[in-house]
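# Descriptive structure summary
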Amino acid sequence: MRIGFGYDSHRFDQDRPCILGGVRFPGVPGLRGFSDGDAVAHAVIDAILGAAALGDVGRHFPPGDERWRGADSMDLLRRAMALVESEGFEVGNVDVTVICEIPRIGPAADAIRESLSGALNVESSAVSVKGKSNEQMGWEGRREGVAVHAVALLRPTV
Ligand code: MG
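Residues numbered from 1 in each chain as written. Predicted model: local features only at pLDDT ≥ 70, side-chain atom pairs only at ≥ 80, totals over all residues. Heavy atoms only, no water.

In this section: the coordination of the magnesium ion. Distances from the magnesium ion to its protein donors, namely Asp 8 (OD), His 10 (NE2) and His 42 (ND1), fall within the range 2.1 to 2.2 Å. Read N to C, the donor residues that coordinate the magnesium ion are spaced as D-x1-H-x31-H. Here His 42 lies in helix H1 (residues 39-51) and His 10 lies in strand E1 (residues 2-13), a separation of 32 residues in the sequence. Residue classification places His 10 among the buried residues on the basis of a relative accessible area of 13%. Owing to a relative accessible area of 7%, His 42 belongs among the buried residues under this scheme. (Donors = N, O, S within 2.8 Å, 3.2 Å for Na, K, Ca; no water. Helix = DSSP H or I, 4+ residues; strand = E, 2+ residues; numbered from the N terminus. Buried < 20%, exposed > 50% of the residue type's maximum accessible area, 1.4 Å probe, protein only.)

Encoded structure:
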């Protein structure tokens, strides 16, 4: 089995929709980025690519490449998963922690699990999503942006 870790952070941007793990949060500032700014999708991409030692999101979907401008990051996650599968791996489980004051992750956690599990080709019971406030400390606590940590376990398909 192989373990991978992923981290991502994005700054809030009032002019964009907020999308985390493919789930929209109406009424919450969005996240700046070359793609749709979905920091959950990006952290999970880095976790699965990391477990397979296949580089990171920036290597496969470089910001500045017009193909990925405004990209749906869940589409990028599906592409990364296809790459991981082509290397002979499947996902065992994924665990995600989102650190932010807004939006509140808890009420949307099951929707994000469902969304991620579809892209990762696993049951939603293999995907965990947790939200943490940063207790008003630091940049997450000042509502400047969102940080995401993710770990993924891969196992060989044969
Ligand atoms: Mg990112």
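On the surface, a nonpolar cluster with roughly 400 Å² of combined accessible area is contributed by Ile 3, Phe 5, Tyr 7 and Val 151. At three residues, the largest contribution of residues to the nonpolar patch is made by E1. With respect to the element layout, Tyr 7 can be found in strand E1. The class for Tyr 7 is partly exposed, based on a relative accessible area of 36%. (Patch = residues over 30% accessible without salt bridge, like charges linked within 9 Å, V, L, I, M, F, W, Y side chains within 5 Å. Areas by Shrake-Rupley, 256 points an atom, 1.4 Å probe, with all protein chains shown as cover. Salt bridge = Lys/Arg side-chain N within 4 Å of Asp/Glu carboxyl O.)

Further remarks concern the packing of aromatic side chains. Per the counting criterion, the structure on display carries one aromatic pair. Seen from their ring centres, Phe 61 and Trp 68 are 5.1 Å apart, and the 90° between their planes marks the pair as edge-to-face. Taking relative accessible area as the criterion, Trp 68 reaches 8% and is therefore assigned buried. (Phe/Tyr/Trp six-rings, centres within 6.5 Å; stacked < 30°, edge-to-face > 60°.)

Take the state of the cysteines next. Counting across every chain of the model gives zero disulfides. Cysteine Cys 18 is unpaired, with the sulfur of Cys 100 as its nearest cysteine sulfur at 7.9 Å. By relative accessible area, which is 2% here, Cys 18 ends up buried. (Disulfide = S-S within 2.5 Å.)

Residue position: Ser 117 is located in helix H4 (residues 109-120). Of the residues examined, Ser 117 reaches a relative accessible area of 3% and is grouped as buried. Those residues in contact with Ser 117 that lie beyond four places of it in its chain are Val 122, Glu 123, Ser 124 and Val 127. (Contact = heavy atoms within 4.5 Å.)

Moving on, we come to the nonpolar core. Ranked by internal contacts, the top residues of the largest apolar core, which has 51 residues, are Ile 48, Val 96, Leu 116 and Leu 120. Those elements that place two or more of their residues in this core are H1, helix H3 (73-86), strand E5 (89-99), H4, strand E6 (127-132) and strand E7 (145-156). It is H1 that contributes the most residues to this core, ten residues altogether. (Core = buried A, V, L, I, M, F, W, Y, C linked by side-chain atoms within 4.5 Å.)

With respect to the secondary-structure elements, Asp 46 resides in helix H1. Buried and without a salt bridge, Asp 46 has Arg 59 as its closest oppositely charged side chain, separated by 10.0 Å. Discounting residues that sit within four places of it in the chain, Asp 46 has contacts with Phe 5, Gly 6, Tyr 7, Asp 56 and Val 57. (Lys, Arg positive; Asp, Glu negative; His and termini not counted.)

What follows is about H1. Across its 13 residues, H1 extends 18 Å between first and last C-alpha, which sits within 8% of the 18 Å expected from 1.5 Å per residue. Looking at H1, one finds that the buried residues are Ala 39, Val 40, Ala 41, His 42, Ala 43, Val 44, Ile 45, Asp 46, Ala 47, Ile 48, Leu 49 and Ala 51. Its side-chain oxygen 3.2 Å from the backbone nitrogen of Val 40, Asp 38 forms the N-cap of H1. Remark: Ala 53 follows H1 within two positions and exhibits a positive phi of approximately 55°. (Expected span 1.5 Å × (residues − 1). Polar contact = N/O pair within 3.5 Å; in protein donor to acceptor, adjacent residues only side chain to side chain.)

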